[in-house]
Amino acid sequence: MDFLFAKRIWFGLALIAVSGLGACASKDPSDLAFEEIPAEKLYAEGLVAMESGDRKEANKKFEELDRQHPYSNYARRSMILTAYAHYKSGQYTECISAAQRFLTLFPGDDDVPYAYYLIGQSYFNQIPDVTRDQETTQKALQAMNELVQNYPDSEYTEDARRKIRVTQDQLAGKEMQVARYYLERKEYIAAINRFKVVVTDYQTTRQVEEALMRLAEAYLALGITHEAQTAVAVLGHNYPDSKWYKMAYSMLNKGGYEPEINKGSWMARILS
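Overview of the structure.

Let us now look at the environment of Lys-163. Following the sequence through the fold, Lys-163 ends up in helix H8 (residues 157-184). Separated by 22 residues in the primary sequence, Lys-163 and Leu-141 place their C-alpha atoms 7.7 Å from one another. In this structure Lys-163 touches Tyr-117, Gln-121, Phe-124 and Met-144, once residues within four positions along its chain are discounted.

Structure, rendered in structure tokens:
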């Protein structure tokens, strides 16, 4: 991300060189409330602070710029820089808030894809363990999806696609955790409903193979053999070398059954 963002910093530094503002001494922060400072000066000083690694001071300058000159082009630029500075400082809530405000005020700006990326990254960096609530994961997925769907040619899209795969696998893992819990308690219908979510909504994740095997297990326990046969047949067709297929086939064979697709099954219409 730093490499992709560098061009914005260098653009600002070029502006400083032209205007001669980089050499200007910064006012004491207490003076800011009493004196209107030119937008370009606040912007330049904020960039200098950011380039030196003082993101706290940079945010002060950018926030003051937004307060004093809210409709200027410098305020627009500083808003996305503020979001970035918050992100680099690990202040993800503040980053998300700044980026969302930028999206609301400047929906047609060239930096809109980057704002979505910052939001997605901020949520992504807070993804919790699979045993916990996955609301943050859902929000990361939503932000990255908006970026990929609306700005497919953006320089941030390739990484966003990678993050989408990770978040989907995390969400599928959560469904699997809950489904296994129900299966262990012999609450087979509840378990099937959860495994079904994995198979239908997260088909590209690594969780699908086990989900199909567990579906066969749950259906066999309920005596719904044709669905169990279908689950194993679909598993074998799509993942013939999977350890889960070998386990499922053995389990089915011990009951005297062979994998066979029932054309009326919901599983026959997917993963084929």
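A few words now on unusual backbone geometry. Among all residues save glycine, negative phi is the norm, and among peptide bonds the norm is trans. Even without being glycine, Lys-186 reaches a positive phi, approximately 65°. If you trace the backbone, Lys-186 turns up in the loop between H8 and helix H9 (188-201). Given a relative accessible area of 59%, Lys-186 falls into the exposed group.

Between side chains of opposite charge, pairing is possible as soon as their charged atoms come close. If you walk through the whole model with that rule in mind, you get 16 salt bridges. Put simply, Arg-214 and Glu-217 hold a salt bridge, and the shortest N to O gap is 3.0 Å. Pair noted here: Arg-214 and Glu-217 are both in helix H10 (residues 208-222), with a separation of 3 residues, about one helical turn. A relative accessible area of 18% places Arg-214 in the buried class. Given a relative accessible area of 26%, Glu-217 falls into the partly exposed group. Through salt bridges with shared partners, one network takes in Lys-41, Glu-45, Glu-57 and Lys-61.

The next subject is the packing of helix H7 (residues 135-150) against H8. Relative orientation of the contacting elements H7 and H8 amounts to 150°, with a least axis distance of 9 Å. As H7 packs across H8, the resulting crossing turns out to be left-handed. Contacts between H7 and H8 pair Thr-137, Gln-138, Ala-140, Leu-141, Met-144, Asn-145, Leu-147 and Val-148 from the former with Thr-157, Ala-160, Arg-161, Lys-163, Ile-164, Thr-167, Gln-168, Gln-170 and Leu-171 from the latter. Class assignment of the residues belonging to the contact of H7 with H8 gives a composition of 8 nonpolar, 7 polar and 2 charged.

How each quantity is defined
Every chain is numbered independently, its residues counted from 1 as its sequence is written. Local features in this predicted model are restricted to residues whose pLDDT is 70 or higher, and side-chain atom pairs enter the listing and the counts only when it is 80 or higher, whereas totals over whole chains, interfaces and linings include all residues. Computation of side-chain values covers all heavy atoms of the structure but excludes hydrogens and water. Helix and strand definitions here come from DSSP, where helices need a minimum of 4 consecutive H or I residues and strands a minimum of 2 consecutive E residues; each element is numbered from the N-terminal end. Contacts were defined at the residue level, with two residues in contact if any of their heavy atoms lie within 4.5 Å. Between buried and exposed lies partly exposed: a residue is buried under 20% and exposed over 50% of the maximum accessible area for its type, with that area taken using a 1.4 Å probe on protein chains only. Within this document, salt bridges are pairs made up of a side-chain nitrogen of Lys or Arg and a carboxyl oxygen of Asp or Glu, the two lying within 4 Å of each other. Fitted lines through C-alpha atoms give the axes, limited to the stretch in contact for helices. The angle between two N-to-C directions lies from 0 to 180 degrees. Definitions for this section: a left-handed crossing has its near helix turned counterclockwise from the far helix by less than a right angle. A right-handed crossing has that turn clockwise. As a working rule, the residues Ala, Val, Leu, Ile, Met, Phe, Trp, Tyr, Cys and Pro are called nonpolar, Asp, Glu, Lys and Arg charged, and the rest polar, with Gly in that last group.

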